[in-house]
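Next come the chains, spelled out residue by residue.
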Amino acid sequence: MDSPGTNQPAYRVLARKYRPSDFSALIGQGPMVRTLTNAFEQDRIAQAWMLTGVRGVGKTTTARILARALNYKRDGIDKPSVDLSEPGEHCQAILEGRHMDIIEMDAASHTGIDDIKQIIDGVRYSPVSARYKVYIIDEIHMLSEKAFNALLKTLEEPPPHAKFIFATTEIRKVPVTVLSRCQRFDLRRIEPQQMVDHLAFIAGEEQIEAEPDALALIARAGEGSVRDCLSILDQAIAHSAGTVTAEAVRAMLGLADRARIVDLFEHLMSGRVPEALSELRSQYDAGADPTVIMADLASFTHLVSRLRYVPESAARDVSLSPDERERGLNFAEKLPVSVLARTWQMLLKGMPEVEGASRPIAAAEMVLIRIGHASTLPTLDDALKKLEDAPSSGANVTRDLSAPTTASPVASASAQPVEQAPQTSPIASGGGATAMRLVASQPEPTENDVPMVAEHKDEALPEPKEIIPPESTVPITSMHDLAELAAENREPGLRAQIRQNLRPVSFGDGRIEVNLVDGGDRNLVGILSQRLKDWTGRHWMVTVSNKDGGPTLKEEDQAQRSALLEDAGRDPVVSQLLSAFPGSKVVDVRYNRDELEDENLTIDPADLPAEGDQDI
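Conventions adopted
- Residues numbered from 1 in each chain as written.
- Predicted model: local features only at pLDDT ≥ 70, side-chain atom pairs only at ≥ 80, totals over all residues.
- Heavy atoms only, no water.
- Helix = DSSP H or I, 4+ residues; strand = E, 2+ residues; numbered from the N terminus.
- Buried < 20%, exposed > 50% of the residue type's maximum accessible area, 1.4 Å probe, protein only.
- Contact = heavy atoms within 4.5 Å.
- Areas by Shrake-Rupley, 256 points an atom, 1.4 Å probe, with all protein chains shown as cover.
- Core = buried A, V, L, I, M, F, W, Y, C linked by side-chain atoms within 4.5 Å.
- Patch = residues over 30% accessible without salt bridge, like charges linked within 9 Å, V, L, I, M, F, W, Y side chains within 5 Å.
- Salt bridge = Lys/Arg side-chain N within 4 Å of Asp/Glu carboxyl O.
- Lys, Arg positive; Asp, Glu negative; His and termini not counted.
- Charge placed at Lys NZ, Arg CZ, Asp CG, Glu CD.
- Pairing = 2+ DSSP bridges.
- Axes fitted to C-alpha atoms, helices over the stretch in contact; angles between N-to-C directions.
- Parallel < 35°, antiparallel > 145°, perpendicular 65-115°, else oblique.
- Left-handed = near helix turned anticlockwise from the far one by under 90°.
- Nonpolar A, V, L, I, M, F, W, Y, C, P; charged D, E, K, R; others polar.
- Phe/Tyr/Trp six-rings, centres within 6.5 Å; stacked < 30°, edge-to-face > 60°.
- Right-handed = clockwise from strand over helix to strand, strands pointing away.

Attention shifts here to the overall build of the protein. Across its full length, the protein holds 24 helices and 10 strands. Residues counted as buried form 42% of the 616 residues belonging to the protein. Here the analysis covers contacts within the protein between residues at least 6 apart in sequence; of these, 72% occur between residues at least 24 apart. When the accessible surface of the protein is totalled, it reaches about 33,700 Å², and 49% of it is carbon and sulfur.

With 35 residues, the main nonpolar core has Phe 265, Met 294, Leu 297 and Phe 300 as its most contacted residues. Contributing elements (two or more residues each) for this core: α12 (258–269), α13 (273–285), α14 (290–309), α16 (322–334), α17 (337–356) and α18 (360–374). For this core, the element with the highest residue contribution is α14, accounting for 8 residues. Setting aside residues up to four positions removed in sequence, Leu 297 forms contacts with Ile 261, Leu 264, Phe 265, Leu 268, Leu 347 and Leu 368. Ile 45, Ala 46, Tyr 72 and Ile 94 belong to the second-largest nonpolar core, a separate cluster that totals 29 residues.

What follows concerns a negative patch on the surface. On the surface, Glu 211, Asp 213, Glu 247 and Asp 257 cluster together into a patch of negative charge. Within the secondary structure, Glu 211 sits in the loop between α8 (192–205) and α9 (212–222).

Of note in the backbone geometry, Glu 223 takes a positive phi value of approximately 50° without being a glycine. By secondary structure assignment, the location of Glu 223 is in the loop between α9 and α10 (226–240). Notably, Arg 490 is not glycine yet its phi reads approximately 55°, a positive angle. Here Arg 490 shows up in the loop between α20 (479–488) and α21 (492–501).

Turning our attention to the environment of Val 128. Counting through the fold element by element, Val 128 comes out in the loop between α5 (113–123) and β3 (133–138). Sequence separation of Val 128 and Asp 101 is 27 residues, and the distance between their C-alpha atoms is 6.5 Å. Excluding its chain neighbours within four sequence positions, the residues that come into contact with Val 128 are Met 100 and Asp 101.

A few words on the sheet that holds strand β2 (residues 102–106). Pairing is parallel in the open sheet, where 5 strands are placed in the order β2-β3-β4-β1-β5. The sheet terminates laterally at β2 and β5 (183–186), the two strands that pair on one side only. Adjacent strand axes in the sheet meet at a mean angle of 15°, parallel and antiparallel pairs treated alike. In this fold α5 packs onto β2, β3 and β4 (162–168), with an angle of close to 165° to the strand it touches most, β3. Against the sheet, helix α6 (residues 145–156) contacts β1 (48–52) and β4, and its axis sits at roughly 135° relative to β4.

Further remarks concern the packing of α13 against α18. The contact between α13 and α18 brings their axes to 10 Å, and the two run at 150°. Put simply, α13 runs roughly antiparallel to α18. Considering how the two elements wind past one another, α13 and α18 form a crossing that is right-handed. Of the residues in α18, those in contact with Val 273, Ala 276, Leu 277, Leu 280, Arg 281 and Tyr 284 of α13 are Ile 361, Ala 364, Glu 365, Leu 368, Ile 369, Gly 372 and His 373. For the contact of α13 with α18, the per-class residue count stands at 9 nonpolar, 2 polar and 2 charged.

Counted under the stated rule, the structure contains 5 aromatic pairs. Look at Phe 164 and Phe 166: their rings are 6.0 Å apart centre to centre, the planes differ by 40°, and that puts the pair in the tilted class. Residue Phe 164 shares its accessibility class with Phe 166, and that shared class is buried. Three or more aromatic residues joined by ring pairs make a cluster, and in this case those are Tyr 135, Phe 164 and Phe 166.

Turning our eyes to something else, we now look at the pattern of salt bridges. Taken as a whole, this structure holds 19 salt bridges when the rule is applied. Among the salt bridges present, the one from Lys 153 reaches Glu 157, with a minimum N-O distance of 3.9 Å. Judged on exposure class, the residue Lys 153 and its partner Glu 157 are both exposed. Shared partners join several salt bridges into a network, and the residues in it are Arg 55, Glu 223 and Asp 228.

Looking at chain direction, β2 and β3 are connected through 5 bridges and run parallel. Residue pairing in the sheet places Glu 104 in a bridge with Ile 136 of β3. Handedness of the crossover is the feature at issue here: the chain leaves β2, passes through α5, returns alongside β3, and the resulting connection is right-handed.

Okay, a positive patch on the surface next. On the surface, a cluster of positive charge is contributed by Arg 12, Arg 16, Arg 19 and Arg 227. Residue position: Arg 12 is located in the segment before α1 (14–17). You can call Arg 12 partly exposed: its relative accessible area is 42%.

Here is the structure:
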């Protein structure tokens, strides 16, 4: 074993060892290289550049290559050049970050105005040995506002010998005043095919055997970042101690088998919750992270949704396994978009729950239970459309708004009818529109009975039978009838709501139109509709009208009470009493209950005080 004192060079990670040293080695950044090549050839070199992109796509590397191109000099060439095939006089020092005219600064640790003042003070001095003094500022978005403002004037009119190269992952945090003074280049994520080819090249250079599926998994995990992919490959080589296999990469990253993710997706879309939970637990026992399983499930849901509209993209994506490609296309043909969109939303909301739960596997199981249950239900839009298309003469479907439904744990994914015996059937058409019908109550389906959501694409729905409402023996022609009916059925709260919040508009056979007072609860009409059905044995359609309507019962009582007070004040005896006691006034008028009918008064007896009360 070699000791640290031997001449054997220290090991360098792959991300540093295979760092590009010229533009030809940059992968996936063709547009930027072409623009810089044309600019250098035409001697139209900018004074500042802004490089932006996600982590690991080569921003700092590109900045150093650009600094090398600006100061390129060798025998026979003494001008800026993008042809860096042969090392120049300053190239090695620039690439190693030790050239005194190339000043690199990390804005994450130098955020203040004092750091920028050092640049401003030093920029006026000519370079020591190079052609240009180049300032490379990484993560420039982290500079303070004062630091940005201090840099503006120098950035707009720098000395001829000074160039600025900025790099950032958060371009939106850079002030527009700075962006307007720079040429901007957006470094792209590396395409999966390019990444796999690059990883295969490096594996060959390192004399390491790597399975294509393993490289595809690494490219997928790196999400377009070259540095991330090389770091994972470095780790995989150490983990495998030989051939880099897909199984080893999957175990190292805690990934689930992609085929098993597809199996889990199929169980959920078919409503087979027990099998889905068993598959999840099996993957968890094999070492897969529940959070990663949820992310992979969401990724496959997105893939199926995309393949529905762009099926040819499956052949171009090398990161897809054959199982994902074939079965993904099959799912895309069968599953409605509404079901896929609902599954996507539920996974997006469920992933933070899994990440933040004390027991992630339990949280993941609850997410799968919700998805599996919702897969056999119509979406909310489809259910409402079916309700709207129901025959108006039947008037056989209403909603009970007096209490929240408990039939489904996914409140946003279903519309529950009031009738408890019927239930919605899990039917969806192949064209993407989910259908719904009312069927007789049946026991829970078994695992062999539950079909996939899209298998009923050509099923013909039976015409709904018209329900003729029975004749009611309870006449309802006014708000007084409603209030009295509520009182007779021992609903004092509902009676009070009717008296205070409803203005009458029209009364018809099985139909009542009302208007709500300002601030009135719109759920009241739904509650009243259901209560009327219970009280009278027939369906009543209670709707809210745009018309103003008449006064409420409470307003009628108040108006009648005011009239009684005025009449009492005109009585001779009362008038004499008021004159005898200056400042006195009539505050109340009381009638005996037995006299109300004789006086033809409509004051509600419940509003009268108990007999024997005295007013002064």
